[in-house]
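The primary structure of each chain is shown beneath.
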There are 2 protein chains.
Amino acid sequence: MTFLETLRAIVGTDHVLTHQLDGYEMDWRGLYRGRALAVALPGSTDQVCAVVAACSAARVAIVPQGGNTGLVGGAVPDQSGRQVLLNLRRMNRVRDLDEKNLTLTVEAGCVLEAVQERAAAAGLLFPLSLAAEGSCTIGGNLASNAGGTQVLRYGNARELCLGLEVVTPDGRVWSGLSGLRKDHSGYDLRQLYIGSEGTLGVITAATLRLFPPPASTMTAWISVPCAGAAIELLSLAQKQLGPTLTGFEIMGREAVALADKHFPQLRAPDAQAYPWHVVLEQSSHLLEATERPQFETMLEAGFERALIADAIVAESAEQAKRLWHVREAIPLAQAKEGANLKHDVSVPISRIPEFLEAVEGALRAALPDIRLVLLGHVGDGNLHYNVQAPEGDTGGAYFARHGDWITRQVYDAVDACGGSFSAEHGVGAFKTDELAHRKDAVALDLMQRIKAALDPLHLMNPGRVLKAVPVDVG
Amino acid sequence: MTFLETLRAIVGTDHVLTHQLDGYEMDWRGLYRGRALAVALPGSTDQVCAVVAACSAARVAIVPQGGNTGLVGGAVPDQSGRQVLLNLRRMNRVRDLDEKNLTLTVEAGCVLEAVQERAAAAGLLFPLSLAAEGSCTIGGNLASNAGGTQVLRYGNARELCLGLEVVTPDGRVWSGLSGLRKDHSGYDLRQLYIGSEGTLGVITAATLRLFPPPASTMTAWISVPCAGAAIELLSLAQKQLGPTLTGFEIMGREAVALADKHFPQLRAPDAQAYPWHVVLEQSSHLLEATERPQFETMLEAGFERALIADAIVAESAEQAKRLWHVREAIPLAQAKEGANLKHDVSVPISRIPEFLEAVEGALRAALPDIRLVLLGHVGDGNLHYNVQAPEGDTGGAYFARHGDWITRQVYDAVDACGGSFSAEHGVGAFKTDELAHRKDAVALDLMQRIKAALDPLHLMNPGRVLKAVPVDVG
């Protein structure tokens, strides 16, 4: 039997694809285009084991893929035409819902939105929420430790996962689908697989944490005079709203202006009047009428301390949704405007103003007309430092010329502020050079050792996260 | 230079102890008594590196120790007299407090209570809280992923740590003291060291998460008719109190009776009238007057649904403290009463009643007079399934005869309910057999590979967590 025949025997002829693979081989932004030996679509954990074992025996590398919505080229094959793309989307069953334990066990190929909906159908909340939720899969979310807009209150994907089922690079299953909140029986393997971007094994299922949904939500659009004021306001909100503070998103003036330009129907408030805007969300177990006085006290204190220049509190769920839409429209507006350059970084919250000042100073000094389209999850210290070519410039040539230099300014400032060049999108293929260059050398050595110990043939998503290491495969 | 001379040259003659080592060589319960080659007390990370490197060169094993309050014999040397006990308590400096980032960076030897106090002095909260907080160190808390009474709201030690500094088994430093809430730059090494009980390296410092303290706290003592009612009540409280539910502790009738017997001054409520009692704690950003109606609605619903048999809401901080003291007095009462046998286990919350019924049935059938001194952090699924010899029996011979059988009943029921034989106390030396016997074989293999990759000479706390593996040390 040829290798492809073996794959077909395992997953069925219909589920081994070798033609018209565009949707699998190219990432959704069109930045990475690889060529796969085949796309295999297993329907069960047993099939994943058999495919992985067959690949291991034939020394064929595997690239696991979920919804293919990643931003760092971590889930598309390389150019060799020799890698198997293992797409998990057929594994989309809900295995168990335990209401009293507040857990949901799902297969890796479940689309995030379907997970949210399954929880909601039981009157519960799965809080992971991000732009790609209609197509990304929970396996991909966990492999990349996804963040999103609710991290401030609920944590990253890591904090929302209690157990995993993983197929190891030699085709065995680690059955770690625990619904336990405390389990101290040896090393926490789950934590190692979460965020490892398919380089140590294939996540095939997960047990997720659910929450009772809040009884009320309040949303405010707050314009602030400077980034420092936004940080002070965050401290104030954390103190006055406690654990009910669920979102604290920041947007720069040019980011809001761009959303306003391309999506005027959203009527972005104060688009030009202030340098920074915040979308602040509170969600509570209490009714709005009970929480509202404290919410208003917080806003009043913000005005009094000159942290707030203007504020709009949404008076309906619809208005709240519209305010969030402005935030969400910014990346779409960037795409409409032309070529742009994005950086997903984090710094300690206290150092955000210093970081912003340093990068803006460096960029404006050399490129006075560059447009800074800044937004971020400030409550997590996570900034999307995006830049757009000057007005009227479609950007291609501009970034071909200046892109690397701009990125270096951003990452150097990140380093100077004790931050990370990769906050929530992962390393993938995109940032392996940065990881090799900027990460603590001891940390890199420990990671290489872990990779070699768990994937000695280096067949799991090779060259992703860590640069490929030549291996003697006998 | 002899090996001991080398140690003295590194940390100073006063900080290498070879006599009167009782407080170091014996665990605080007196269950484990080892013999150390020497106790080394380094004063800095550099000194830890040098000691570890010297041990590595001389092929001397190292046992890291903090406050020596562990419950599983994980921080005392073996009997060989050839291990160096590395006690971190001199490393007790606060390195940084970042109020706006809500982080505190401390050395591993800081006592937990001192960490809490440093946070409080800045008007902030470090929520990790457990019985040994006056002597345990934060390094030990992280090495054992400590739990405690606030996990329901704030998580285990793992969730409270953003960054680590670790000395590797070959004497290098991994500088991972990040204050970042999002950092996806390679494998999350921090997660691997947390809970690894000193078997992969020595934690020398940590960056911890702080929180604004709550504005109000309410505490209730609630008597419930059965364990199932306690679980239903937990669901109700989670729904109605949302993230303000901070504690949900359960105690069995005999546990409360024992506390009442030895500490009558605490006036435990309803000691005999009901089979189970709950201490429920809410803490909120709102004033008590604002939260109270919802709290009372929750209690009323509990009464209406017959989940609550009786309830007392503390009317003062002092009364609340007294209620908590009853809970905390139970382990002390057990010690006064005589020999006892303890099990730190977890099961999915939904399966707690089934678990309790199964174990009680098995034990009572064979040992009708055994006393079950049950308590637990039900909100985390964590039960301390403790048993006491029959009334009038001091217990030594009883447990010598029945102890292993009793433990097997408990752990077998845990396995049948999808639980863990080790919830928050760790594996240490005490549960290595259980780990080898009960853990998924693939998981064990992965753990052995990680151990071999990060500590190839097997010099870090050998025989703890994982059983010792013979190593060719050349």
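Residues numbered from 1 in each chain as written. Chains lettered and ligands numbered in written order. Predicted model: local features only at pLDDT ≥ 70, side-chain atom pairs only at ≥ 80, totals over all residues. Heavy atoms only, no water.

1. Details of the packing of helix α1 (residues 3-11) of chain A against helix α3 (residues 45-58) of chain A
Residues and elements named next belong to chain A.
Part 1 of the argument: Where α1 meets α3, the closest approach of the two axes is 9 Å, and the angle between their N-to-C directions is 170°. With respect to each other, α1 and α3 are oriented roughly antiparallel. Once α1 is placed against α3, the crossing between them reads as right-handed. In this structure, α1 contributes F3, T6, L7, I10 and V11 to the contact, and α3 contributes Q47, A50, V51, A54, C55 and A58.
Part 2 of the argument: Here the residues of the contact of α1 with α3 are counted per class, giving nine nonpolar, two polar and no charged. (Axes fitted to C-alpha atoms, helices over the stretch in contact; angles between N-to-C directions. Helix = DSSP H or I, 4+ residues; strand = E, 2+ residues; numbered from the N terminus. Parallel < 35°, antiparallel > 145°, perpendicular 65-115°, else oblique. Left-handed = near helix turned anticlockwise from the far one by under 90°. Contact = heavy atoms within 4.5 Å. Nonpolar A, V, L, I, M, F, W, Y, C, P; charged D, E, K, R; others polar.)

2. Details of the sheet that holds strand β6 (residues 103-107) of chain B
All names here are of chain B.
Part 1 of the argument: The five strands are arranged β5-β6-β9-β7-β8 in an open sheet whose pairing can be described as antiparallel. Two strands close off the open sheet at either side, each with one partner strand: β5 (94-98) and β8 (173-176). Each strand axis lies, on average, 10° off the axis of its neighbour in the sheet, ignoring direction.
Part 2 of the argument: Where strand β7 (residues 161-167) meets β8, four bridges bridge the pair, whose relative direction is antiparallel. Note that in β8 the partner of V167 across the bridge is V173.
Part 3 of the argument: Helix-sheet contacts for helix α3 (residues 45-58) involve β5, β7, β8 and β9 (202-209), and the interaxial angle to β7 is about 45°. (Pairing = 2+ DSSP bridges.)

3. Examining the relation of the copies chain A and chain B
Part 1 of the argument: For these two chains of identical sequence, chain A goes onto chain B by a turn of 180° and a shift of 0.0 Å along the axis, with RMSD 0.0 Å. Here the symmetry operator amounts to a two-fold rotation axis.
Part 2 of the argument: When the interface residues of chain A are mapped onto chain B, 100% of them again lie at the interface, so the same face is used by both copies. (Least-squares fit on C-alpha atoms with pLDDT ≥ 70 in both.)

4. Observations concerning the interface of chain A and chain B
Part 1 of the argument: Counting residues at the interface gives 90 residues for chain A and 90 residues for chain B.
Part 2 of the argument: Counting each side, the surface lost to burial between chain A and chain B is near 7,000 Å², with a carbon and sulfur contribution of 59%.
Part 3 of the argument: Our count for the chain A to chain B interface comes out at 12 salt bridges.
Part 4 of the argument: Put simply, K100(B) and E232(A) hold a salt bridge, and the shortest N to O gap is 3.2 Å.
Part 5 of the argument: Taken together, chain A and chain B are joined by 40 residue pairs in polar contact (both at pLDDT 80 or more).
Part 6 of the argument: Those elements that provide at least two residues to the side of chain A that touches chain B are α6 (151-154), β8 (173-176), α7 (189-193), α8 (227-241), α10 (288-304) and α15 (441-454) of chain A.
Part 7 of the argument: Here the side of chain A that touches chain B gets 10 residues from one element, more than from any other, and that element is α15(A).
Part 8 of the argument: Here the residues of the side of chain A that touches chain B sort into 33 nonpolar, 36 polar and 21 charged. (Buried area = accessible area lost by both parts, 1.4 Å probe. Salt bridge = Lys/Arg side-chain N within 4 Å of Asp/Glu carboxyl O. Polar contact = N/O pair within 3.5 Å; in protein donor to acceptor, adjacent residues only side chain to side chain.)

5. Focus on the environment of G109(B)
Residues and elements named next belong to chain B.
Part 1 of the argument: Relative to the elements of secondary structure, G109 occurs in the loop between β6 and α4 (112-121).
Part 2 of the argument: Note on G109: relative accessible area 3%, which makes it buried.
Part 3 of the argument: Distance in space between the C-alpha atoms of G109 and T137 is 5.4 Å, their sequence separation being 28 residues.
Part 4 of the argument: Each residue touching G109, except ones within four places of it in the same chain, is listed here: L88, R89, M91, N92 and T137. (Buried < 20%, exposed > 50% of the residue type's maximum accessible area, 1.4 Å probe, protein only.)

6. Some details on the domain arrangement of chain A
Part 1 of the argument: Each assigned domain of chain A is listed here: domain 1 (3-87), domain 2 (94-209), domain 3 (214-332) and domain 4 (338-426).
Part 2 of the argument: Spacing between the C-alpha centres of domain 1 of chain A and domain 3 of chain A amounts to 43 Å. (Domains from an automatic or database assignment.)

7. Considerations on the sheet that holds strand β2 (residues 36-40) of chain B
Residue and element names in this part refer to chain B.
Part 1 of the argument: In space, the four strands of this open sheet follow the order β1-β2-β4-β3, with mixed pairing throughout. The open sheet terminates on both sides in strands that have one partner only, identified here as β1 (16-17) and β3 (62-65).
Part 2 of the argument: Bridge analysis of β2 against strand β4 (residues 83-87) gives four bridges, and the strand direction is parallel. For A40, the partnering residue across the bridge sits in β4 and is L86.
Part 3 of the argument: Those strands touched by α3 are β3 and β4, and its axis lies near 170° from that of β4.

8. What to know about the pairing of β3(B)
Residues and elements named next belong to chain B.
Part 1 of the argument: Of the two faces of β3, the one holding I62 and P64 and the one holding V63 and Q65 are both buried throughout.
Part 2 of the argument: Summarising the sheet, β3 and β4 pair through four bridges and their orientation is parallel. In the strand pairing of β4, I62 is matched with V84.

9. Considering unusual backbone geometry
Residues and elements named next belong to chain B.
Part 1 of the argument: At Q20, a residue that is not glycine, the phi angle is positive and equals roughly 50°.
Part 2 of the argument: Within the secondary structure layout, Q20 lies in the loop between β1 and α2 (22-25).
Part 3 of the argument: Classification of Q20 by relative accessible area gives exposed; the value is 81%.
Part 4 of the argument: With phi around 55°, L102 is a residue other than glycine that occupies positive phi space.
Part 5 of the argument: Structurally, the position occupied by L102 is in the loop between β5 and β6.
Part 6 of the argument: With relative accessibility at 8%, the residue L102 sits in the buried group.

10. Let's talk about the packing of aromatic side chains
Residue and element names in this part refer to chain B.
Part 1 of the argument: Enumeration over the complete set of coordinates arrives at 10 aromatic pairs over all chains.
Part 2 of the argument: Ring geometry for Y154 against F211: centres 4.8 Å apart, planes inclined by 65°, an arrangement best described as edge-to-face. Here Y154 is found in helix α6 (residues 151-154), whereas its partner F211 is found in the loop between β9 and β10 (216-224), with 57 residues between them in sequence. F211 carries the same exposure label as Y154, and that label is buried.
Part 3 of the argument: Geometrically, the ring pair formed by F355 and Y385 is edge-to-face, given 5.9 Å between the ring centres and 85° between the ring planes. With F355 in helix α12 (residues 352-366) and Y385 in strand β17 (residues 382-388), this pair connects stretches of sequence that are 30 residues apart. By the burial criterion, F355 is buried, and Y385 matches it. (Phe/Tyr/Trp six-rings, centres within 6.5 Å; stacked < 30°, edge-to-face > 60°.)

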